[in-house]
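# Summary of structural features
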Amino acid sequence: MPLLNILRYPDPRLHKIAKPVTVFDARLKKLIKDMADTMYEAPGVGLAASQVDVHQQLVVIDTSDAQDDLRVFINPEILWVSSETKVYDEGCLSVPGVYDGVERPAQVKVRALDADGTPFEVSADGLLAVCIQHEIDHLRGKVFVEYLSPLKRNRIRTRMLKEERLLQRRG
């Protein structure tokens, strides 16, 4: 169970657009397991492959308190969003320690493939809907701080760069 390195904002690799998954093999299943282990260890409730520098359309999510409901979304596509929106305090494993309100549709319907390539659809609200939208944003090269004001975004960027320099000096 090797833990994967999570890219930190403002790493430019976080802005790469992910490509569709076309091969469903043992390598993909290992990546899913490693991503899930990394997400749980972090700890987080969602992780996109883009965040671990694998630019394929793959997301793992587990919003359960017991961390026993892993969901895998491959090549996810949002089919429908509600007109009702809600502001949620979002955080991100690529922007550790930063939380801020982001307004998103309150409900979504998504089509995706599972680890075996079998298609499924899911309707979601609450935290799951937020996570799905947040992680799909990653696949599109967008980090949640881009929803914030330029002032907040610049402050976060400066803070992340400063923390990165401190980590490099220690390491």
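The structure reproduced in this document is the subject of the present report. (Residues numbered from 1 in each chain as written. Predicted model: local features only at pLDDT ≥ 70, side-chain atom pairs only at ≥ 80, totals over all residues. Heavy atoms only, no water.)

Before going further, it helps to spend a moment on empty space enclosed by the protein. Summary: where empty space remains is shown by rolling a probe the size of a single water molecule over the atoms. Applying the stated criterion across every chain, the model contains one cavity of 30 Å³ or more. For the largest cavity, the calculated volume is near 30 Å³. Lining of the largest cavity is provided by V59, I61, F73, P76, V110, I132, E135 and I136. If you list the elements that add at least two residues to the lining of the largest cavity, you get β2 (58–61), β3 (71–81) and α2 (126–139). Among the elements that make up the lining of the largest cavity, the one with the highest residue count is α2 (three residues). Grouping the constituent residues of the lining of the largest cavity by class yields seven nonpolar, no polar and one charged. (1 Å grid on protein atoms, 1.4 Å probe; cavity = no way out; pocket = protein on both sides within 12 Å on 5 of 7 lines; lining within 4 Å. Points joined across faces, edges and corners; volume = space filled by probe spheres on them. Helix = DSSP H or I, 4+ residues; strand = E, 2+ residues; numbered from the N terminus. Nonpolar A, V, L, I, M, F, W, Y, C, P; charged D, E, K, R; others polar.)

Take the layout of surface pockets next. Of the voids in this model, the largest pocket is the one considered here, and its volume is about 430 Å³. Around the largest pocket sit 22 residues that line it, and G44, V45, G91, C92 and Y99 are the ones nearest its centre. Tallied by class, the residues present in the lining of the largest pocket amount to 13 nonpolar, six polar and three charged.

Another aspect to go through is the side chain of H55. Relative to the helices and strands, H55 is located in the loop between β1 (46–48) and β2. What makes H55 buried here is its relative accessible area of 14%. Residues contacting H55, with those up to four places away along its chain left out, are R13, K16, I17, A18, K19 and S50. (Buried < 20%, exposed > 50% of the residue type's maximum accessible area, 1.4 Å probe, protein only. Contact = heavy atoms within 4.5 Å.)

Working definition: two side chains of opposite charge can pair if their charged atoms are close together. Evaluated as defined, the whole model comprises 15 salt bridges. Measuring nitrogen to oxygen at the nearest pair gives 2.6 Å for the salt bridge that ties E90 to R104. Of this pair, E90 sits in strand β4 (residues 85–92) while R104 sits in strand β5 (residues 95–105), and the two are 14 residues apart along the sequence. For the pair E90 and R104, one class covers both residues: buried. Across the pair E163 and R159 runs a salt bridge whose closest N-O atoms are separated by 3.1 Å. Of this pair, E163 and R159 are both found in helix α3 (residues 150–170), four residues apart, which corresponds to roughly one turn of the helix. E163 gets classed as partly exposed once you look at its relative accessible area, which sits at 25%. Overall, the relative accessible area of 37% leaves R159 in the partly exposed class. Salt bridges sharing partners connect three or more residues here, namely R8, R159, E163 and E164. (Salt bridge = Lys/Arg side-chain N within 4 Å of Asp/Glu carboxyl O.)

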